[in-house]
Amino acid sequence: MITQVRVDDRLIHGQVAVVWTKELNAPLLVVANDEAAKNEVTQMTLKMAVPNGVKLLIRSVDEAIKVFNDPRGKDRRIFAIVNSVSDATKIAQNVEDIEAVNVANTGRFDKSDPKSKTMLFPSVQLNPDELEAAKELAKIEQVDSYNQVLPTNSRYSLKDALSKL
């Protein structure tokens with residue numbers, strides 16, 4: 001079961017590796033990212049950021065969906081990380097057993113025109129394509145989608161934030 005899909009530009013960093021893996025009690029961390037799946041340097045960097053006792057898989061989004069739907073992982077607590085709302089939405093549309101999608105930190109480092117971005121939350125700036133993906137994500141009734149940077153922060157509903165645009 002996926003305990004959380006986190007959308008974060010940086011994929012794995014201290015906050016994710018230490019705080020969220022502990023909070024979610026997820027011994028398996030899956031980075032679902034097409035570029036990371038092909039880039040050995042990125043893979044080595046991500047592996048160095050993972051705490052002891054946590055297993056890391058780095059897969060393309062499509063391969064990660066296969067991992068998430070494999071019945072052998074049904075009883076495992078999985079923490080998934082993507083760096084775009086589009087990838088999170090694709091996963092949420094193709095995987096049944098997801099507790100939540102946390103649109104936490106995204107949009108600051110993409111190469112789209114800053115003037116075209118919508119600030120949905122202080123840590124979330126979405127270009128038009130990502131904004132459309134967020135709208136699709138919010139429509140998925142069986143998945144709780146929200147923004148929460150740290151476990152100690154309040155959760156803010158994605159659907160509510162989108163309704164205010």
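The structure under discussion appears in the preceding block.
None of the values given here were measured: they were computed from a predicted structure.

Enquirer: What am I meant to see in the environment of I58 here?
Expert: Positionally, I58 belongs in strand β3 (residues 55–59). Separated by 56 residues in the primary sequence, I58 and P114 have C-alpha atoms spaced 29 Å apart. If near-sequence neighbours (up to four positions away) are discounted, I58 is found in contact with V31, A36, A37, Q43 and L46.

Enquirer: How do you make sense of the pairing of strand β8 (residues 144–147) when you look at a structure like this?
Expert: Consecutive side chains along a regular strand alternate between the two faces of the sheet. In terms of strand pairing, strand β5 (residues 100–105) meets β8 through 3 bridges, oriented parallel. Counted as the bridge partner of V101 is S145 from β8. Here 2 bridges tie β8 to strand β9 (residues 156–157), and the two strands are oriented antiparallel to one another. Bridging from a neighbouring strand, N147 pairs with Y156 of β9.

Enquirer: Is there a simple way to explain the nonpolar core in this structure?
Expert: The tendency in soluble globular proteins is for nonpolar side chains to be buried as a group. In terms of nonpolar packing, the biggest core is built from 36 residues, with I2, V5, F68, I91, I98, V101 and L158 touching the most fellow members. Ranked by residue count, the leading element in this core is helix α6 (residues 128–139), at 5 residues. Every residue in contact with I98, bar those within four places of it in the chain, is listed here: I2, V5, I91, A92, Q142 and V143. Ranked by size, the runner-up nonpolar core spans 17 residues in total, among them I12, V31, A36 and L56.

Enquirer: Before we go on, may I ask you to explain helix α1 (residues 14–24) in this structure?
Expert: Since the α-helix packs 3.6 residues into each turn, any two residues three or four apart lie on the same face. Three or more residues of α1 are buried, namely V16, A17, W20, T21 and L24. Around the axis of α1, the buried residues are gathered within 120° of arc, so they sit on the same side. When the buried face of α1 is taken as reference, the exposed residues oriented beyond 90 degrees from it are V18, K22 and E23. Where α1 is buried, its residues touch β1 (2–8), β2 (28–32), β4 (78–82) and β5. Looking one or two residues past α1, N25 carries a phi angle of roughly 50°, positive in sign.

Enquirer: Would you take a moment to explain the environment of I65 for this structure?
Expert: Structurally, I65 is set in helix α4 (residues 61–69). When its relative accessible area of 10% is taken as the criterion, I65 is described as buried. Beyond its immediate stretch of four places on either side in the chain, I65 contacts K90, I91, N94 and V95.

Enquirer: What am I meant to see in the packing of helix α5 (residues 85–94) against α6 here?
Expert: For any two helices packed against each other, one specifies the inter-axial angle together with the distance between the axes. Taken N-terminus to C-terminus, the directions of α5 and α6 make an angle of 25°; their axes are 8 Å apart at the nearest point. Accordingly, the angle class assigned to the pair α5 and α6 is roughly parallel. Where α5 crosses over α6, the two elements pack in a sense that is left-handed. Contact residues: α5 offers V85, S86, T89, A92 and Q93, while α6 offers E130, A133, A134, E136 and L137. Looking at the contact of α5 with α6, its residues break down into 5 nonpolar, 3 polar and 2 charged.

Cut-offs used in this document
- Residues numbered from 1 in each chain as written.
- Predicted model: local features only at pLDDT ≥ 70, side-chain atom pairs only at ≥ 80, totals over all residues.
- Heavy atoms only, no water.
- Helix = DSSP H or I, 4+ residues; strand = E, 2+ residues; numbered from the N terminus.
- Contact = heavy atoms within 4.5 Å.
- Pairing = 2+ DSSP bridges.
- Core = buried A, V, L, I, M, F, W, Y, C linked by side-chain atoms within 4.5 Å.
- Buried < 20%, exposed > 50% of the residue type's maximum accessible area, 1.4 Å probe, protein only.
- Arc of directions from axis to C-beta.
- Axes fitted to C-alpha atoms, helices over the stretch in contact; angles between N-to-C directions.
- Parallel < 35°, antiparallel > 145°, perpendicular 65-115°, else oblique.
- Left-handed = near helix turned anticlockwise from the far one by under 90°.
- Nonpolar A, V, L, I, M, F, W, Y, C, P; charged D, E, K, R; others polar.

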